[in-house]
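# Observations on the three-dimensional arrangement
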Amino acid sequence: MNGKAPSHTEIDTDQRARLGQRLKATREYLGLSQQQVAERTGIVRSAVSDIERGVRKVEVMELQKLARLYRLPASYFLDEEESADAGEHALAGLPRTARPLSEGDRIEVAKFIQYLQARRQAEEEEADDLRPPQRPEGGA
């Protein structure tokens, strides 16, 4: 390390690369091609490619279109944390997303959340059961 702080250009390049990686990973997870994204957003395919490779800045309106298509908040793609979790960002927007749901739908969502919590707890308990017992420190 040369001891110098990163320049604005280096920071911008890193941010574009991180944004592009998240957009690409989300697109691929959803099974969409760059051409399909282009057709659904009106962003030309070459621009989608350049954005994903981090060689082109994404305009605010383009990011909004991509986030809407991918059904994730734009904040996820902009999060500076390397370990940003799409689920956390999606949950943060849940109250806004749930507004148009009927009361019955909201009850179903709540039941599903309880199911996921119970499943996670069961997985953690199962993992604990599979771990070998810890030896007491200093013991023989």
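Anything mentioned here points back to the structure above.
Since we're looking at a predicted model, the values are computed, not measured. (Residues numbered from 1 in each chain as written. Predicted model: local features only at pLDDT ≥ 70, side-chain atom pairs only at ≥ 80, totals over all residues. Heavy atoms only, no water.)

## Observations regarding the pattern of salt bridges
Rules: By definition here, a salt bridge exists when the distance from a side-chain nitrogen of Lys or Arg to a carboxyl oxygen of Asp or Glu is within 4 Å. Only protein chains enter the area calculation, which uses a 1.4 Å probe; residues under 20% of their type maximum are buried, those over 50% are exposed, and those in between are partly exposed.
Evaluated as defined, the whole model comprises four salt bridges. Between Glu-28 and Arg-27 there is a salt bridge whose closest N-O contact spans 4.0 Å. Glu-62 is the partner of Arg-56 in a salt bridge, and the nearest nitrogen-oxygen pair spans 2.9 Å. Judged by its relative accessible area of 25%, Arg-56 is partly exposed. Because the salt bridges share partners, they merge into one network encompassing Arg-27, Glu-28 and Glu-52.

## Comments concerning empty space enclosed by the protein
Quick reminder of the rule: For cavity detection a 1 Å grid was placed over the protein atoms alone, and a set of points counts as a cavity when a 1.4 Å probe fits there but cannot get out; an open set counts as a pocket when protein lies on both sides within 12 Å along at least five of seven lines, with lining residues being those that have an atom within 4 Å of a point. Grid points are joined across faces, edges and corners, and a volume is the space filled by probe spheres set on the points. Working definition: helices are DSSP H or I runs of at least four residues, strands are E runs of at least two. Numbering for both runs from the N terminus. Three categories are distinguished: nonpolar for Ala, Val, Leu, Ile, Met, Phe, Trp, Tyr, Cys and Pro, charged for Asp, Glu, Lys and Arg, and polar for the others, with Gly belonging to the last.
Under the defined criterion, the tally for this structure stands at one cavity of 30 Å³ or more. The calculated volume of the largest cavity comes to roughly 40 Å³. Looking at the largest cavity, the residues that line it are Leu-23, Val-48, Ile-51, Glu-52, Leu-66 and Tyr-70. Take the lining of the largest cavity: its biggest share by element is three residues, from helix α3 (residues 45-52). Partitioned by chemical class, the residues of the lining of the largest cavity number five nonpolar, no polar and one charged.

## Describing the environment of Ser-75
As for its placement among the helices and strands, Ser-75 is situated in helix α5 (residues 74-78). C-alpha of Ser-75 to C-alpha of Gln-64: the two residues are 11 residues apart in sequence and 10.0 Å apart in space.

## Quick word on the nonpolar core
As a reminder of what qualifies: In this text, buried Ala, Val, Leu, Ile, Met, Phe, Trp, Tyr and Cys residues form a nonpolar core when linked through side-chain atoms within 4.5 Å. By the convention used here, residues are in contact when the closest approach between their heavy atoms is within 4.5 Å.
Formed by 15 residues in total, the largest nonpolar core has its most connected members in Leu-23, Val-37, Leu-66, Tyr-70 and Phe-77. Of all the secondary-structure elements, those providing two or more residues to this core are α1 (8-29), α3, α4 (60-70) and α5. Looking at which element gives the most residues to this core, the answer is α4, with four residues. Not counting chain neighbours up to four residues away, the residues in contact with Phe-77 comprise Leu-19, Arg-22, Leu-23, Thr-26, Leu-63, Ala-67, Tyr-70 and Leu-72.

## Topic: the packing of aromatic side chains
For clarity, the threshold we go by: Between rings of Phe, Tyr and Trp, where Trp is taken as its six-membered ring, a pair exists when centres lie within 6.5 Å; planes separated by under 30 degrees are stacked, by over 60 edge-to-face, and by other angles tilted. For a Lys NZ or an Arg CZ to count as sitting over a ring, it must be within 6 Å of the ring centre and within 35 degrees of the ring normal.
Overall, the coordinates contain two aromatic pairs when judged by the stated rule. Here a set of aromatic residues connected by ring pairs shows up, and it is made of Tyr-70, Tyr-76 and Phe-77. Stacked on the ring of Tyr-76, the Lys or Arg Arg-22 has its end atom at 5.4 Å from the ring centre.

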